[in-house]
Amino acid sequence: MKGTARGVFVISFMLALWAADAAGAGVIEGTVKDGKSGGALVGANVRVVGTNFGATTDLEGSYTIAGVTPGIYSLRVFYANYTQKVISGVAVVGNETTTMNITLDPISGDTGDAMRIDDIYVTADRVRTTNAAVFTERQRAAVIGDAISAEQIRLSPDGTSGDALRRVTGLSLVDDKFVFVRGVTDRYNATTLNGVIVTGTDTDTDKKSFSFDLIPSSLVSSTVVAKTATPDLPGDFSGGLVQVNTLDFPGDFLLAANAETGSDQLSSRKDFVVAPGGGSDWKGKDDGSRALPSGLEGVDLAKALPNTWGTSGDQSRMNGSYGLALGDRFEVGGGEIGFIASGTYKSSFKIEDYHQEPEYGNSRIFMFDGTRYKQKMLWGGLANVSWHPTGNHRFGFENNFTRSAEDKVVQSIGLPESGDTTRTQNIEWDQRDLYLGQLKGAHTLAFAKGLAIEWRATYSTSAAQEPDRKFAQYSRDPRGNYILKENYRTWSELEENTRGGQIDAELPVGEGSIKAGYQQSRRERDFGIDAYVTDASTLSKTNRALVILPIDEIFAPENYGDGKFGFMPYSPFTGVYDGSHELRSYYAMVDEPIRVVGRGFRIAGGARVEDSDQIVNSPVAADDPTIQTARIDEKDVLPSANVTCEVTGTSNLRLGYYKSVNRPEFRELANVAYLDFDANQTVFGNPDLQRALIDNYDVRIEWFPRPNEVVAASYFYKDLHDAIEEELIPAPDRYVRTWFNSPAGENFGFEIEMRKSLGFAWGGLDNLVVQANYTHVESEVEYTESHTDPQGRPITETKKRPLQGQAPYTLNTGLIYSVPGVGLSMSLLYNRFGRRLDAVGETRQEDIYEESRDLLDFALTEQFTKSMRMKFTVKDMLAQDAVFTFGDTGSTWESIKMGTTYALSLSFSL
C-alpha cells in the first residue's frame, strides 16, 4: 500500500505542476486559407518551431494551440501541394490569445518536387536515428563518448545490437553478446535500456554487461557509449556506459515489415543432431516436458523421468528473421498521443567443430574433438505509448520484452587424464527472458523559471532456466566396449526482479544549469539447481551389462530398481542462493558554459553518492548446508568533472575525470558450484570478494568537418583498486573457474577515429565514406608469487601481468559507398582485436589467451522505392578459426571452426 500511495502522490504532484504551469500559458489561434481562392484549408498543420506545440485545422480552416509558454516563437505551416510558410516573431503572452491568420499558395507546376510533403516533416521532431543526428548530439554532449545510429546499422550486416556495437571505437564483442570497452571486460561496463540499468542474466555465470544478443538491431534507434561520467549517470562503470535506445514516438504513421533468410557455410542444410524437445520450443519456451517431477525421490523419480538421452539425425534449416512494426500519432485536445509497437523473431542453426586440449604444467588434462549443434530462437518486442498534452509536458509508458533460447547437443570423443578413449554427450536447453517496463514524465515549468523535472518508475523481471540438462561420459574398456563412467542430470532456475524510481530536476541559470536528482532501486535474486546421477554401484551381478547399453537405452525407466541402477541427488552440483541489492543514489552537478580570453568553455561536474547494500546467502560447502552471508555495505562518494573547450566551431578539446565503483555480481559471491559442460570447468563464486574502486582520466581532441564526419584522438588512464578478475584453478579432471580481487592495477591507452567522405580529394568520391578506428591498450596488475631460491629459502616477489580481459588493440575499418539517385549502398567492414587474456591461470603458463582473428563483412542495400528495401550481407568472409591458447607456450586450449554466413532480407514500409 505504501508503494501505491507514493506512486499516486508522485503522479498527482506532476499533474498539479502541469496544471499550475498551464494556468499561466497563452493561446495561438487563427485560420489557414488558400492565398488565391480564399478557401479554407482543411487538415493543414501548424507547428510552433522548436517545441511540440501544434494543431491541425478543422472544416473551417481554423486552429487553436493552447498551453503555450509565454515567449517569442516562429510558426511553421504546411499543407500537401502548397508551399510551406514560416512566420517569425509571434509573441505569446500568458493568459492571453494571439491571433494569426495565414494564407498558403499552391505549388506551381514549375516548382517540381522540391517542396514534397515528405521533405518538410523533418522540422517537427528531433531525429535521433541518422548519422548526422548522432554526430551532432555527440559534438554537443558534456561527456566523451561514441555512438552508432540506426542508419549505420541499416547499412551494415549486423543482426543484433551486439553485432552493431563491434563497430564502435574501442569496443569488442565476446561470445557474440558481451561488450568489452577499452580493453576491460564486460564487468567494468554498464548498460541502460531506454535509460534503465539492465544486466545479463544466466544460470551459469552473471555478466555485468547486458547480453546484447537479446535486442534485435531492427528495434534500436541509436546506441550511445559514454566513456566519461557526469554525476547524473550511474557510478558503476569504468570502461563505458552503453545506452541503448529503442524506437519511440513516431514522426508519422508507420507500418513496416521485414523478412530475412540466411545460410551458414558450415551449418545450413547440413546433417544436424537434435534432442527430444517440446511442442513450444520454436517459441523459445519449454512447454514443461523438461520439468523436474515434484514429490518423487530416488528410483521413483528416475522412472517418472522421460528417457530423452537419445538423439536423432535431422537436417538444419536456413536461418530466418521476421519483423513487424506499427506506429502512429494523433492530435488530442491540443496535444498529441503517439504509439509504436514492434515485434521480431529470429531462428538460426550453428554447427561448431572444436578441439580441446588443456594442460597443467607440462601435463595434458584431457584432449577431445567434438561438435556442438546449436539452434537459437529469439523473440523481441516493444510497445510504447507517449502523451504530449502540451509542449512542456510529456508522459510515456514503455514496455520491452525479449526471450532467447538455445537448444544444444554436444558430442565428443577423446582422451581424459586416465588415457582411456572416451565419448561424451551433453544436451542443454537454455532459456532467458527479460521484461522492462517504465512509466515516465518530463515537465518544463515556466512559472518556476523554466525548471525541468523528469521522473520515472521502473519494473523489470528476468528469468533463466536450464531444465533437464544432461551429461554422460563413456570410456572404452580393453574389450572395446564403451562403459558408462560419469553422468549428471540437472535442473536449474533463476528469477530476478528489480523495482526502482528516479527523479531529476534541472534549473536553467544563464546559459548553463544546475541539476540534482535521487534514484532508488532494489534488485532481488533467487537461484536453485538440483543435480542427480545414475548410480551404477547398485547393479547386481546379473545386471552389470546395463553399463554398456547405448545412450538412448541405458537410462530407460525399466533399468532402475532393485539390483539395477540407483538414482540419487549429487550434492557437489546441488545448491541454492538468494541475494538482494539495495541502491540509493543522489547527486548534484553544474553544467556551465563560460568564456575565457575569448574562447568558449563548458564545465560539467559535481558529485554522486551511492549507498549500496549487497547481500548474498549461500551454503558454506556442498556437504554443509549452513548458510553463510556475503555482504558488501558501502557508501561511495564519486566526484566527476568534464571540461570542453571549443577550439573552433567544429572542433573540441575535452578533459574528463571521474571516480567509479565496480561491484561483484550475485553469482560471483555465491558459493554454489556449476558444471560448465562446454568448457569442462566447474564454476564457483567467492563470498570474500570486495567491490573495486577506479579513478578514470580522459582527454580527447575531436573535429567534425561536416555533419556526417568526425576525426578524433583520445588518451585514457584508469587506476584500479581491488580489481575483480576471473581465474582458473587446476583441479583433478577439470579446471575450476572463480573470481578474486587484485590489489592494484592500471589500464591506459589511446584511441584514433576517423569517418570522412573522400569528396575533398575529388568530387566524384563524395559518396564514398571511409571510417576507421584504432584503440591501443596497455594494462598492469600487481600480484605476488612465492617460490624458493637455490638454497631452499622462501622468496616472495611482486610481479605484473595484463588485466584479465584486456586486448592490446582493437581495429575497425570500413568503406561505405552510396548512390543516392538509385538508392544503392555498399559497405565493406573489417574488425580485429589483439591477443586477449581470457582467464588468469595459477601461473603465467596457465593463463588462457584468445588469439587474434580477422573479421570481414560485406553488405549491399538497395532502396528500390521509398517503401521497399533489399539487403544482401556476407558475414565473416575469411572464416578464420577461433583459437584459445596457453600463456607464452602457444599450445592450444581450444580451437573452434567458423563459417561464413550469407543473408538476404526484404523490408516494406508505409
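Every chain begins its residue count from 1, and numbering advances along the sequence as written. In view of the model being predicted, local features appear only for residues whose pLDDT reaches at least 70, and side-chain atom pairs are presented and counted only at 80 or more, with totals across whole chains, interfaces and linings using the full set of residues. Excluded from the side-chain calculations are hydrogens and water; all other atoms, namely the structure's heavy atoms, are used.

> I'd like to hear about the overall build of the protein chain, residue by residue, with values.
Put simply, DSSP H or I for four residues or longer makes a helix, DSSP E for two residues or longer makes a strand, and each gets a number counted from the N terminus. Of the regular secondary structure elements, the protein chain holds eight helices and 49 strands. Looking at the protein chain as a whole, 53% of its 910 residues are labelled buried. Nonlocal contacts in the protein chain, meaning residues at least 24 apart in sequence, comprise 68% of its contacts between residues at least 6 apart. To sort residues, take the accessible area from a 1.4 Å probe on protein chains only and compare it with the maximum for the residue type: under 20% means buried, over 50% means exposed, and anything in between is partly exposed. Whether two residues are in contact is decided by their heavy atoms: any pair within 4.5 Å suffices.

> Describe in detail the pairing of strand E30 (residues 575-596), supporting the description with residues and values.
Should DSSP find at least two bridges between two strands, the strands are taken to pair. In the sheet, strand E28 (residues 512-535) pairs with E30 via 17 bridges, with the strands oriented antiparallel. Bridged to Gln 520 within E30 is Arg 584. Sheet analysis places E30 next to strand E31 (residues 599-621), joined by 19 bridges and oriented antiparallel. Counterpart to Tyr 587 in the pairing with E31 is Arg 608. The turn linking E30 back onto E31 is made up of two residues, and Val 597 within it adopts a positive phi angle of 45°.

> Go over the pattern of salt bridges, please, and point to the residues and values.
One side-chain nitrogen of Lys or Arg within 4 Å of one carboxyl oxygen of Asp or Glu is enough to make a salt bridge. This structure, assessed with the given rule, holds 46 salt bridges. Taking the shortest distance from any N to any O, the salt bridge between Glu 496 and Arg 525 comes out at 2.6 Å. One end of the pair, Glu 496, is in strand E27 (residues 482-509); the other, Arg 525, is in strand E28, with 29 residues separating them in the sequence. For the pair shown, Glu 496 and Arg 525 are each scored as buried.

> Explain the confidence of the model for the protein chain to me, using residue names and the numbers behind them.
pLDDT measures how confident the predictor is about each residue, on a scale from 0 to 100. Summary statistics for the protein chain give a mean pLDDT of 82 and a share of 84% for residues scoring 70 or more. Within the protein chain, the element-level pLDDT minimum falls on helix H2 (residues 117-120), averaging 29, and the maximum on strand E17 (residues 271-274), averaging 95. Per-residue pLDDT stays below 50 along residues 109-128; that stretch engages in 25 contacts with residues further than four places along the chain or on separate chains.

> Give a description of the environment of Ala 405 that names residues and reports values.
Relative to the assigned elements, Ala 405 resides in strand E24 (residues 393-415). Here Ala 405 falls in the buried class, since its relative accessible area comes to 4%. The sequence separation of Ala 405 and Ala 464 amounts to 59 residues, and the corresponding C-alpha distance is 9.5 Å. Each residue touching Ala 405, except ones within four places of it in the same chain, is listed here: Gly 284, Gln 375, Lys 376, Met 377, Trp 429, Asp 430 and Gln 431.

> Any details on empty space enclosed by the protein? Residues and values, ideally.
Site definitions follow a grid-based scheme: protein atoms alone, a 1 Å grid, a 1.4 Å probe that fits but cannot get out for cavities, and for pockets an open set with protein on both sides within 12 Å along at least five of seven lines, plus lining residues having an atom within 4 Å of a point. Grid points are joined across faces, edges and corners, and a volume is the space filled by probe spheres set on the points. All chains considered together, the criterion is met by six cavities of 30 Å³ or more. The computed volume of the second largest cavity comes to approximately 80 Å³. Every residue lining the second largest cavity is counted, 14 residues in all, and those nearest its centre are Ala 229, Gly 235, Leu 638, Tyr 658 and Lys 659. Elements that contribute at least two residues to the lining of the second largest cavity include exactly strand E32 (624-648) and strand E33 (651-662). By residue class, the composition of the lining of the second largest cavity is eight nonpolar, four polar and two charged. Side-chain classes follow a simple rule in which Ala, Val, Leu, Ile, Met, Phe, Trp, Tyr, Cys and Pro form the nonpolar group, Asp, Glu, Lys and Arg form the charged group, and the remainder, Gly included, forms the polar group.

> Lay out the packing of aromatic side chains with the relevant residues and their values.
Between the rings of Phe, Tyr and Trp (Trp by its six-membered ring), a pair exists once the centres lie within 6.5 Å; its type follows the angle of the planes, with under 30 degrees stacked, over 60 edge-to-face, and the other angles tilted. In total, this model carries 26 aromatic pairs according to the counting rule given. Members of the aromatic cluster, joined through ring pairs, are Trp 491, Tyr 532, Tyr 560, Phe 565 and Phe 567. The criterion is that NZ of a Lys, or CZ of an Arg, lies within 6 Å of the ring centre and within 35 degrees of the ring normal, and then a charge sits over that ring. Lying over the aromatic face of Tyr 354, Arg 372 brings its terminal NZ or CZ to 4.0 Å of the ring centre.

> A description of the side chain of Glu 428 should follow, citing residues and the corresponding values.
Locating Glu 428 in the fold gives a position in strand E25 (residues 422-445). The buried charged residue Glu 428 lacks any salt bridge partner; its closest oppositely charged side chain belongs to Lys 408, at an N-O distance of 4.1 Å. Counted as a polar contact is a pair of N or O atoms within 3.5 Å, where, for protein atoms, one must be capable of donating a hydrogen and the other of accepting one, and residues adjacent in sequence contribute only when both atoms are in side chains. Here Asn 426 takes part through its side chain, which lies 3.1 Å from a polar atom of the side chain of Glu 428. For this count, His and the chain ends are skipped, Lys and Arg are scored as positive, and Asp and Glu as negative.

> Tell me what's going on with the nonpolar core, and back it up with residues and numbers.
Side-chain atoms within 4.5 Å are what join buried Ala, Val, Leu, Ile, Met, Phe, Trp, Tyr and Cys residues into a set we call a nonpolar core. The biggest cluster of nonpolar side chains holds 24 residues, and the ones touching the most others in it are Tyr 188, Phe 527, Tyr 577, Val 616 and Leu 669. When residues of this core are assigned to their parent elements, the largest contribution, three residues, is made by strand E37 (residues 710-729).

> Can you tell me about a nonpolar patch on the surface, naming the residues and giving the values?
Together, Ile 594, Val 596, Val 597 and Ile 603 make up an exposed nonpolar region whose accessible area comes to about 340 Å². With respect to the helices and strands, the residue Val 596 is situated in strand E30. Residue Val 596 is classed as partly exposed on the basis of its relative accessible area, which comes to 37%. Surface patches are defined over residues having more than 30% relative accessible area and no salt bridge, joining like charges when they lie within 9 Å and nonpolar side chains (Val, Leu, Ile, Met, Phe, Trp, Tyr) when within 5 Å. All accessible areas in this document rest on Shrake-Rupley with a 1.4 Å probe, and a residue is counted as covered only by the protein chains that are shown.

> Give a detailed account of unusual backbone geometry, specifying residues and quantitative values.
Of note in the backbone geometry, Lys 449 takes a positive phi value of approximately 60° without being a glycine. Inspection of the secondary structure puts Lys 449 in the loop between E25 and strand E26 (451-476). Phi angles above zero are rare outside glycine, and Asp 876 is one such case at about 55°. Structurally, Asp 876 can be placed in the loop between strand E46 (868-875) and strand E47 (882-886).

> Any details on a negative patch on the surface? Residues and values, ideally.
Side chains of Glu 493, Glu 495, Asp 526 and Asp 578 sit close together on the surface and give a patch of like negative charge. Among the secondary structure elements, Glu 495 is positioned in strand E27. Just so you know, the charge point we use is NZ for Lys, CZ for Arg, CG for Asp and CD for Glu.

> Break down the environment of Arg 691 for me, citing the residues and quoting the values.
Tracing the backbone through its elements, the reader meets Arg 691 in the loop between strand E35 (681-683) and strand E36 (692-703). Considering only alpha carbons, one finds Arg 691 and Glu 665, 26 residues apart in sequence, at a separation of 9.9 Å. Within polar-contact distance, the side chain of Arg 691 engages the side chain of Glu 634 at 3.5 Å. A distance of 2.8 Å separates a polar atom in the side chain of Arg 691 from a polar atom in the side chain of Asp 636.

> For the pairing of strand E41 (residues 809-819), give the residues involved together with the corresponding values.
For a regular strand, side-chain orientation follows a simple rule: the groups alternate between the two sheet faces. Relative to strand E42 (residues 824-833), E41 is paired through ten bridges, and the arrangement is antiparallel. Its bridge partner being in E42, Ile 816 is matched across the sheet by Ser 827. Hairpin remark: E41 followed by E42, antiparallel, with four residues in the connecting loop; positive phi at Gly 823, about 70°.

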